[in-house]
Amino acid sequence: MRRMAKDPDPKGRAWALLLTAHATLVEKIEIALGEANLPPLAWYDVLWELEKAEGGKLRMHELAHRVVLSRSNLTRLADRLEKAALVAREDTPHDRRGYHCVITRSGLAMRKKMWPVYEAQIERLFSRHVTLEEARAIAEALSRAVKAARGN
């Protein structure tokens with residue numbers, strides 16, 4: 001009976017596969033959204049975070065933290081979303097330097113239009129390939145890593 005070689009660095013392999021999986025799956029989702037004449041995935045992420053937020057609005061630094069983008073990248077993305085009338089900027093009453101990014105009705109409609117394509121890709125590319133137990137283990141491990149990285 002032949003013995004399987006032991007993986008010398010399972011954590012390093014897991015890290016490399018995490019990065020490869022993320023890049024590969026996002027690329028495939030982007031292609032599906034494009035084929036459906038829908039905006040990029042980053043637009044969905046911003047619209048979803050705004051939709052979930054109280055009053056449909058967030059300060060830019062809060063939004064940047066939630067979508068894991070740098071403030072400058074988010075500002076450029078918000079400019080494109082605003083040009084497409086999917087978000088609006090609203091002055092913050094107690095801080096003249098800041099403003100809220102607010103989802104519009106068109107933004108809500110677009111997020112809802114994007115979801116079926118995104119959801120189908122999540123199922124096709126990820127969900128059907130993992131068991132519920134594996135999904136829970138992946139979520140738990142990644143949650144711990146994110147929490148540690150954020151210093152929580």
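Residues numbered from 1 in each chain as written. Predicted model: local features only at pLDDT ≥ 70, side-chain atom pairs only at ≥ 80, totals over all residues. Heavy atoms only, no water.

Caption draft 1: Structural context of the packing of helix α1 (residues 10-35) against helix α5 (residues 105-125). Packing of α1 against α5 leaves a shortest axis separation of 10 Å and a crossing angle of 140°. Taken together, the axes of α1 and α5 lie oblique to each other. Handedness of the α1/α5 crossing: right-handed. For the pair formed by α1 and α5, the contact residues are Leu25, Lys28, Ile29, Ala32 and Leu33 on the first element and Met114, Val117, Tyr118, Gln121 and Leu125 on the second. In terms of residue class, the contact of α1 with α5 is built from eight nonpolar, one polar and one charged. (Axes fitted to C-alpha atoms, helices over the stretch in contact; angles between N-to-C directions. Helix = DSSP H or I, 4+ residues; strand = E, 2+ residues; numbered from the N terminus. Parallel < 35°, antiparallel > 145°, perpendicular 65-115°, else oblique. Left-handed = near helix turned anticlockwise from the far one by under 90°. Contact = heavy atoms within 4.5 Å. Nonpolar A, V, L, I, M, F, W, Y, C, P; charged D, E, K, R; others polar.)

Caption draft 2: Summary view of the pattern of salt bridges. Considering all chains together, one arrives at seven salt bridges under this definition. Arg111 is paired through a salt bridge with Glu51; the nearest N and O atoms lie 2.7 Å apart. One end of the pair, Arg111, is in helix α5; the other, Glu51, is in helix α2 (residues 41-52), and 60 residues separate them in sequence. Exposure remark for Arg111: the relative accessible area of 7% places this residue in the buried category. Judged by relative accessible area, which is 22%, Glu51 ranks as partly exposed. For the salt bridge of Arg89 with Asp79, the shortest nitrogen-to-oxygen distance reads 2.2 Å. Here Arg89 is found in strand β2 (residues 87-92), whereas its partner Asp79 is found in helix α4 (residues 71-83), with 10 residues between them in sequence. On the basis of relative accessible area, Arg89 is assigned to the partly exposed category, the value being 27%. By relative accessible area, Asp79 is classed as partly exposed at 37%. A single network of salt bridges, built from pairs that share partners, joins Glu49, Lys52 and Arg66. (Salt bridge = Lys/Arg side-chain N within 4 Å of Asp/Glu carboxyl O. Buried < 20%, exposed > 50% of the residue type's maximum accessible area, 1.4 Å probe, protein only.)

Caption draft 3: Here's a closer look at α1. Between the first and last C-alpha of α1 there are 37 Å, a value that for 26 residues agrees with the 38 Å anticipated at 1.5 Å per step. Within α1, the full set of buried residues consists of Ile29, Ala32 and Leu33. Residues of α1 that are buried in the fold lie against α2 and α5. Asn37 occupies a position one or two residues after α1 and carries a positive phi of about 55°. (Expected span 1.5 Å × (residues − 1).)

Caption draft 4: Summary view of the environment of Trp48. Within the secondary structure, Trp48 is located in helix α2. The spatial distance from the C-alpha of Trp48 to the C-alpha of His94 is 26 Å, given a sequence separation of 46 residues.

Caption draft 5: Up close: helix α3 (residues 60-67). Of the positions making up α3, those classed as buried are Met60, Leu63, Ala64 and Val67. Relative to the axis of α3, the buried residues are bounded by an arc of 100° and lie together on one face. Tucked inside the fold, the buried residues of α3 contact α2, β1 (57-59), α4 and β3 (95-103). Looking at the residues trailing α3, positive phi occurs at Val68, about 55°. (Arc of directions from axis to C-beta.)

Caption draft 6: Main features of the layout of surface pockets. Of the volumes computed, that of the largest pocket is approximately 1600 Å³. Leu18, His22, Leu25, Val26 and Leu142 are the residues nearest the centre of the largest pocket, which is lined by 33 residues in total. Among the secondary structure elements, those contributing two or more residues to the lining of the largest pocket are α1, α2, α3, α5 and α6 (132-149). Per-element tally for the lining of the largest pocket: the top contributor is α1, with 11 residues. Here the lining of the largest pocket is built from residues that sort into 26 nonpolar, two polar and five charged. (1 Å grid on protein atoms, 1.4 Å probe; cavity = no way out; pocket = protein on both sides within 12 Å on 5 of 7 lines; lining within 4 Å. Points joined across faces, edges and corners; volume = space filled by probe spheres on them.)

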